[in-house]
Amino acid sequence: MTAIIDTDPGIDDAIAILYALRQPDLGIAAMTTVAGNIGLSVTTANALRLAALAGAPTPVHPGAAAPLGREPRPETGIHGNDGLGGVVLADPDRSAEAESAVDCLARRLTEAPENSVDLFCLAPLTNIANLLTSAPAAAARIRRVIAMGGAVEEPGNMGRAEFNLAHDPEAAAIVLHAGLDLTLIPLDATRQFRADAAYLDRLRACGTLAASTCADLIDAYFVQTAHQAKGAESRPLHDPCVPLFARHPELFRIETRNLQVDHDGALVPGPHPIRVAMGVEADALRARLAEGLGG
Ligand code: RIB
Ligand code: CA
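Residues numbered from 1 in each chain as written. Chains lettered and ligands numbered in written order. Predicted model: local features only at pLDDT ≥ 70, side-chain atom pairs only at ≥ 80, totals over all residues. Heavy atoms only, no water.

Moving on: the coordination of the calcium ion (ligand 2). Surrounding the calcium ion (ligand 2) are the protein donor atoms D8 (OD), D13 (OD), D13 (OD), L122 (O) and D239 (OD), which sit 2.2 to 2.6 Å from the metal. Taken in sequence order, the residues that donate to the calcium ion (ligand 2) follow the motif D-x4-D-x108-L-x116-D. Taken together, the residues span a long stretch of sequence, with L122 in the loop between β4 (117-121) and α5 (126-134) and D239 in the loop between α11 (209-219) and α12 (241-247) at a distance of 117 residues. Comparing L122 with D239, the two get one shared label, buried. (Donors = N, O, S within 2.8 Å, 3.2 Å for Na, K, Ca; no water. Helix = DSSP H or I, 4+ residues; strand = E, 2+ residues; numbered from the N terminus. Buried < 20%, exposed > 50% of the residue type's maximum accessible area, 1.4 Å probe, protein only.)

Next comes the structure, spelled out in structure tokens:
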């Protein structure tokens, strides 16, 4: 299998990336970056830092700096101005590629055997929508898409909608209505997957830089304000669900719902049958995440 990660790191993206880059069976061939949690220059620099930390020669291709026809709405309140919650990573050991995200996606899909490349989407879907519209023949060669996004029965985290779809509703509609082999992992599943202080100790006991870095990242991902004491559990580990689903689909409860994306990015009843994860086996997922980080 070969996969390309599209990402806006972002604390939970970072955990997903550090896990995925350690799994040879996922065959992560490249990362493409996009504006989302934070601006494109920061998401790209963070992806490069994460590849360097993982000791992986994974090329990073910058993509869209803004949603289709809208202004970016970064989420610095959760991820901080550095996109990593203040967790300092070593500087990258190389620069981003000159080839754009869409050109990278189109080239790799064209070069690889048909139906051999997966897309792991951890961010607003601007790059993927641009691929579908500018290189449809290449896009037709995608094997499957696993995307974190949406809220089916759960309340949204951006009004009625979920951040990845709400940040670029036009892109989300293009991608989710395209008839791709797509599995969506919405808030209905990801909100069941969190970490507590004991789990951070477990990660630190793994003895790997990837695991201890993820412990530091998750530690920065708990709700804590001047007025609100630190929570017992972290915010949901949204994006790690994507590579974990790729390797352990049996830990996710999948349903097919007939949906569409509305103008705000909310998932509403519609004509498009979409596979959605509606539940997870959280204890087993935490165990698989720790194992994959070296535990
Ligand atoms: O709603 C959660 C999603 O939005 C995650 O991908 C998180 O990184 C943010 O991008
Ligand atoms: Ca993300």
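Taking burial as the measure, the 11 residues of helix α13 (residues 282-292) include 8 buried ones, the bulk of the element. Three or more residues of α13 are buried, namely A282, A284, L285, R286, A287, L289, A290 and G292. Packed against the buried residues of α13 are α1 (11-20), α10 (197-204), α12, β7 (252-261) and β9 (272-280). Taken from the residues just after α13, G294 is the one with a positive phi, measuring 115°. (Contact = heavy atoms within 4.5 Å.)

Summed over the entire model, instances satisfying the criterion amount to 18 salt bridges. Notably, a salt bridge pairs D219 with K230, separated by 2.4 Å at the nearest N-O pair. One end of the pair, D219, is in helix α11; the other, K230, is in the loop between α11 and α12, and 11 residues separate them in sequence. Given the relative accessible area of 31%, D219 is considered partly exposed. The class of K230 is partly exposed, set by a relative accessible area of 37%. E291 is the salt-bridge partner of R288, the closest N and O atoms lying 2.8 Å from each other. Within this pair, R288 and its partner E291 are both found in helix α13, separated by 3 residues, close to a single helical turn. (Salt bridge = Lys/Arg side-chain N within 4 Å of Asp/Glu carboxyl O.)

All quantities given are derived from atomic positions and should not be read as evidence of function.
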